[in-house]
Amino acid sequence: MINVFQPSVGAEELAAVGEAFDNNWLGYGPKTREFEQDFGEHLGVPAEALLFLNSATSALTLTAKLLEFGPGDEVVVPSVSFVANANTITATGARPVFCDVDPHTLNPSVADIEACLTPRTKAVTILHYGGHPGDVIGIAALCKDRGITLVEDAACAVGSSVDGRACGTFGDIGIWSFDSRKIITTGDGGMIYLRDPELARRAHRLAYHGLDDRGAFAAAFRDPRRWWDQTIHEVGQRLIGNDMTAAIGRVQLRRLPGFIARRRAITATYDRMLDGLPGVRLCPQPPTGHLSTHYFYWLQVDPELRDGIAEDLLNNGVYTTFRYPPLHRVPLYGSDAELPATDAAAANTLLLPLHQALTDAEVQRVARLFCAAIERRTPAVAA
Ligand SMILES: Cc1ncc(COP(=O)(O)O)c(C=O)c1O
């Protein structure tokens, strides 16, 4: 089978885990801090503003706690987003308010966000769909103007940028995922960025049971002879990452430019081979100044044909998918919100396989199978 997503890990990552074994230090420790340092350099932010966690969902959980979401609060989130966003908001008693997206880029516009703002809006969460940056400059300006916190879910955008600035660093809080389907992976893992140093310090405490973070730990000793004493002011959770997964992350981050270059080349092949197919809209081209990680490659077709095309590809050993099924349509969150562009995109969008391990022959095979499926399912084209 040709997978839609696939990790690229090998001997280098294994050797890095071996180093953690050799150190006899497997938990949150020196390798974690090195990963935070590396990631800070990659983003252009201080390492102190970052915290490596056991998942991006943990980063969202921490965000909800830090921003003190609660009953009566509303948090705007695109309906096309991963359910962890809505779940972590809902778990606090706050209400996710689902906004519409652009029907082609699947990212919300400033107007989509603005339409959902009310006096109860506590935060806005956006993601960069498929690694393609959204209008993060415009949305950040809107949030600033209204005094609303902006959270960027950059789970899919680990190397994406706008005008040279990393996605995830435009808002007040940014989060990244390194789960096994993401471009760089640590098996499971996530990173959180907190612009405000005080919030960052609090995040370190809340991510580990409310204990003062490791850097400040020594200073927390009331008596230098009693290093086991603890300073705990509030209830935290257990969300931190560890040195084994951080060691993998450091290697993956070094390999990231190569991964993105390969993804860009695969995208260009799909664009070339699928261009001009009747009734098919190609994946959008990121505008000038926007760099994408090319995490997804998506096509848009007649909704009547979409599922059949997916079936044809599956029957030929190729997985496709659609992400993310709109949350305003799932039973838990079902609402009568009118989100026409979201509904249209959910019906006509199909993601093709895109990962750096795909060979040229596999990419060409996928493109040819897609062309054949279109031809087979569009009688007018066959005639
Ligand atoms: C956009 C987005 N945000 C958040 C997450 C959650 O990431 P994790 O699996 O690291 O908790 C995912 C995972 O698929 C995602 O795609």
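Residues numbered from 1 in each chain as written. Predicted model: local features only at pLDDT ≥ 70, side-chain atom pairs only at ≥ 80, totals over all residues. Heavy atoms only, no water.

Q: Looking at this structure, how should I read the overall build of the chain?
A: Each helix and strand counted, the chain has 13 helices and 12 strands in total. In summary, the chain has a C-alpha radius of gyration of 22 Å against a globular reference of 21 Å for 383 residues, a match within 12%. Relative to its full complement of 383 residues, the chain shows a buried share of 56%. A sequence separation of at least 24 residues applies to 71% of the contacts in the chain between residues at least 6 apart. Taking the average place of the 35 positive charges on the side chains of the chain and the average place of its 45 negative ones, the gap between the two points comes to 3 Å. (Helix = DSSP H or I, 4+ residues; strand = E, 2+ residues; numbered from the N terminus. Rg over C-alpha atoms; globule rule 2.2 N^0.38 Å. Buried < 20%, exposed > 50% of the residue type's maximum accessible area, 1.4 Å probe, protein only. Contact = heavy atoms within 4.5 Å. Lys, Arg positive; Asp, Glu negative; His and termini not counted. Charge placed at Lys NZ, Arg CZ, Asp CG, Glu CD.)

Q: When you look at the site of the ligand in this model, what are you seeing that I'm missing?
A: Within the structure, the ligand sits among Ser-55, Ala-56, Thr-57, Phe-82, Asp-153, Ala-155, Ser-177, Asp-179, Arg-181, Lys-182, Gly-189 and Tyr-324. One of the side-chain N or O atoms of Ser-177 is found 2.8 Å from an oxygen atom in the ligand. Between an oxygen atom of the ligand and a side-chain N or O atom of Arg-181, the distance comes to 3.5 Å. Here the ligand, which alone exposes 390 Å², has 95% of that area covered by the protein. Of the residues that constitute the shell around the ligand, the class distribution is four nonpolar, four polar and four charged. (Near = heavy atom within 4 Å. Polar contact = N/O pair within 3.5 Å; in protein donor to acceptor, adjacent residues only side chain to side chain. Areas by Shrake-Rupley, 256 points an atom, 1.4 Å probe, with all protein chains shown as cover. Nonpolar A, V, L, I, M, F, W, Y, C, P; charged D, E, K, R; others polar.)

Q: Explain the sheet that holds strand β10 (residues 290–291) to me, please; I cannot follow it from the model alone.
A: Sheet strands line up and pair through hydrogen bonds in the backbone, either parallel or antiparallel. Read from one edge to the other, the open sheet built from three strands follows the order β7-β6-β10, with strand pairing classed as antiparallel. Here the strands that pair on one side only, and so sit at the sheet edges, are β7 (165–166) and β10. Where strand β6 (residues 161–162) and β10 come together, two bridges link them in antiparallel fashion. Within the sheet, the bridge partner assigned to Val-162 lies in β10 and is His-290. (Pairing = 2+ DSSP bridges.)

Q: Sorry, what's going on with the nonpolar core here?
A: Here is a general trend for soluble globular proteins: nonpolar side chains tend to be buried in one another's company. Counting 84 residues, the largest nonpolar core has Phe-39, Val-124, Tyr-129, Tyr-270, Leu-274 and Phe-370 as the members making the most contacts within it. Looking at which element gives the most residues to this core, the answer is helix α9 (residues 243–274), with eight residues. Setting aside residues no more than four positions away along its own chain, Phe-39 makes contact with Leu-50, Val-158, Trp-176, Phe-178, Met-191 and Leu-253. Counting residues in hydrophobic clusters, the runner-up holds 34 residues, among them Val-151, Leu-194, Ala-207 and Leu-327. (Core = buried A, V, L, I, M, F, W, Y, C linked by side-chain atoms within 4.5 Å.)

Q: Looking at this structure, how should I read the packing of helix α3 (residues 56–66) against helix α7 (residues 197–206)?
A: Two measures define how a pair of helices packs: the angle their axes make with one another and the distance between the axes. Between α3 and α7, the least distance of the axes is 11 Å, while the angle of their chain directions is 120 degrees. Between α3 and α7, the crossing angle belongs to the class labelled oblique. Handedness of the crossing formed by α3 with α7: right-handed. Here Leu-62, Lys-65 and Leu-66 of α3 come into contact with α7, specifically with Leu-199, Arg-202, Ala-203 and Leu-206. For the contact of α3 with α7, a count of residues per class yields five nonpolar, no polar and two charged. (Axes fitted to C-alpha atoms, helices over the stretch in contact; angles between N-to-C directions. Parallel < 35°, antiparallel > 145°, perpendicular 65-115°, else oblique. Left-handed = near helix turned anticlockwise from the far one by under 90°.)

Q: Got a minute to help me understand the confidence of the model for the chain in this structure?
A: Fine structural detail should not be taken from predicted coordinates in areas where pLDDT scores are low. Residue-level pLDDT values for the chain average 95, and 96% of them are 70 or greater. Segment residues 215–221 is flagged for pLDDT under 50; beyond a separation of four residues in sequence, or across chains, it makes eight contacts in the model. (pLDDT = per-residue confidence, 0-100.)

Q: It is not clear to me how the side chain of Ser-160 should be interpreted in this structure. Could you clarify?
A: Structurally, Ser-160 is set in the loop between β5 (149–153) and β6. For Ser-160, a relative accessible area of 2% translates into the label buried. In terms of polar contacts, Ser-160 uses its side chain to reach the backbone carbonyl oxygen of Gly-131, at 2.6 Å. Separated by 3.4 Å, the side chain of Ser-160 and the backbone nitrogen of Thr-293 make a polar contact. When near neighbours in sequence (up to four residues on either side) are disregarded, Ser-160 contacts Gly-131, Pro-133, Arg-165, Ala-166, Cys-167, Leu-291, Ser-292 and Thr-293.

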